[in-house]
Amino acid sequence: MRKPPQIGIVGLGYVGLPLALHFAKSHCRVLGMDIDAKKVAKLNAGRSYILHIPAKQIAAAAKLGRFSATTDFRRVSECSAIIICVPTPLKKNRAPDLSCILNTARQIAPHLRHGTLVTLESTTYPGTTDTELRTVLEKHSGLRAGKDFYLAFSPERVDPGNPQSNIAEVPKVVGGYTPECRKRAIRLYGRAIKQIVPVASCRVAEAVKLTENIFRAVNIAMVNELKIVFEAMGIDIWDVIAAAKTKPFGFMPFYPGPGLGGHCIPVDPFYLAWKARQYGQETRFIELAGKINTAMPTHVVRRVAKALATKRKKLKGSRILLLGIAYKANVDDDRESPAYAIWNLLEAAGAKVAFHDPHIPMIRPSREHAHFAGRRSIALTRQTIVSADVVLIVTPHSAVNYSLVAKHARLAVDSRNALAGLLQGKPNYFKA
């Protein structure tokens, strides 16, 4: 009996690892590749490093011979398809940083075989796949895209922490460098995903992902701005949204918060803004939304200061307990989390900050927040709550005991409406 094709997935993070395991579940043999030897060792030992991916799922795929991991990129030659799922961050000047994509291309290109399909899933600006990525792959492989190997773009659509987000059920957008490239990509993803959505080109597929995330960024900016406006009028934005979403048409609820986090929404809109300038185009909506969302941590800190003022205290010298460091509820992903911006502002004002996050026991090293690395989550107890001048809710994890917080917090500042049902109307409760 002929073995199913070997699929290589480069980048075993929040996108690549779930995709690899889903292909394995769909009876494909998958080789995961990553430059992080510690991740690879954990996976080959049947262990997980991502909260919502159980170790037993990894171990089961390995036991069936459908999944293994390696740091050896020469093994690309064993694969009939390569899917690239690596980070695409921003540089300090908000210009796109394609270094992970292009370094990956340099590593895999010498080992590409004739007929191999290469698909990029990393979010990027239109033109990346058929220009920058293609150029590097062709240069270092000696092969031509569309003739000797196949090239496509298919944007990731993962929603970490959402139990309703099933890879098989989420329609997969696919664009190819040539019609044959698209056909090959459709065949690949069709092995594991129920609905494939073909589009005209790689550039259209790249634009689809940016449009999805810009839609969210702009709408979140709108409700963040409305929150501040309604707050001045004595109106609770959460009450407004709860009523507005009862309209069965013409409205979709978005919710305010302390700022944007995660790898997508705070980053992706600026990929398009940067690329648009090369065409002489302005992205005023995107830039304005970015300014509003980026300003939210400052608004939260001002609300903390206002809460302290009711007790005749200032930020300087006050003890602040942050609840939640992850960028969204019920995940252990802290990339671009607004908690760090808030933390920086509080400490700059002289506050003493501690944090509790049930999913992040210790701050991991990162280039953006290296000075926080090694700080540990404290236990959430009556004593730690009482000893804080303010308990500030940044991320509403379900595992947090909010009843305990409501019972013992001297002051509670809530950026997520997490305590509304327990403290609404109480003098020690402030929304941010």
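Residues numbered from 1 in each chain as written. Predicted model: local features only at pLDDT ≥ 70, side-chain atom pairs only at ≥ 80, totals over all residues. Heavy atoms only, no water.

### Some points on unusual backbone geometry
Inference 1: Positioned with a positive phi, N330 is a non-glycine residue whose angle comes to about 65 degrees.
Inference 2: With respect to the helices and strands, N330 occurs in the loop between β9 (319–323) and α12 (338–348).
Inference 3: For N330, a relative accessible area of 28% corresponds to the partly exposed category.
Inference 4: Positive phi, normally seen in glycine, also occurs at N417, with a value near 65 degrees.
Inference 5: With respect to the element layout, N417 can be found in the loop between β12 (412–414) and α15 (420–423). (Helix = DSSP H or I, 4+ residues; strand = E, 2+ residues; numbered from the N terminus. Buried < 20%, exposed > 50% of the residue type's maximum accessible area, 1.4 Å probe, protein only.)

### Quick word on the sheet that holds strand β7 (residues 172–176)
Inference 1: Here we have eight strands laid out as an open sheet, ordered β3-β2-β1-β4-β5-β6-β7-β8, and mixed in their pairing. Each edge of the open sheet carries a strand with a single partner, namely β3 (67–70) and β8 (196–198). Strand after strand, the sheet turns through a mean of 25 degrees between neighbouring axes, direction not considered.
Inference 2: The strands touched by helix α1 (residues 16–25) within the sheet are β1 (6–10), β2 (29–33), β3 and β4 (81–84), with β1 carrying the most contacts at an inclination of about 170 degrees. (Pairing = 2+ DSSP bridges. Axes fitted to C-alpha atoms, helices over the stretch in contact; angles between N-to-C directions. Contact = heavy atoms within 4.5 Å.)

### Some remarks on the packing of helix α7 (residues 202–232) against helix α9 (residues 268–277)
Inference 1: The N-to-C vectors of α7 and α9 enclose an angle of 115 degrees; their axes lie 8 Å apart at closest approach. With respect to each other, α7 and α9 are oriented roughly perpendicular. Note that α7 runs across α9; the crossing there is left-handed. Here K209, L210, N213, I214 and A217 of α7 come into contact with α9, specifically with D268, P269, Y271 and L272.
Inference 2: Its residues assigned to classes, the contact of α7 with α9 shows six nonpolar, one polar and two charged. (Parallel < 35°, antiparallel > 145°, perpendicular 65-115°, else oblique. Left-handed = near helix turned anticlockwise from the far one by under 90°. Nonpolar A, V, L, I, M, F, W, Y, C, P; charged D, E, K, R; others polar.)

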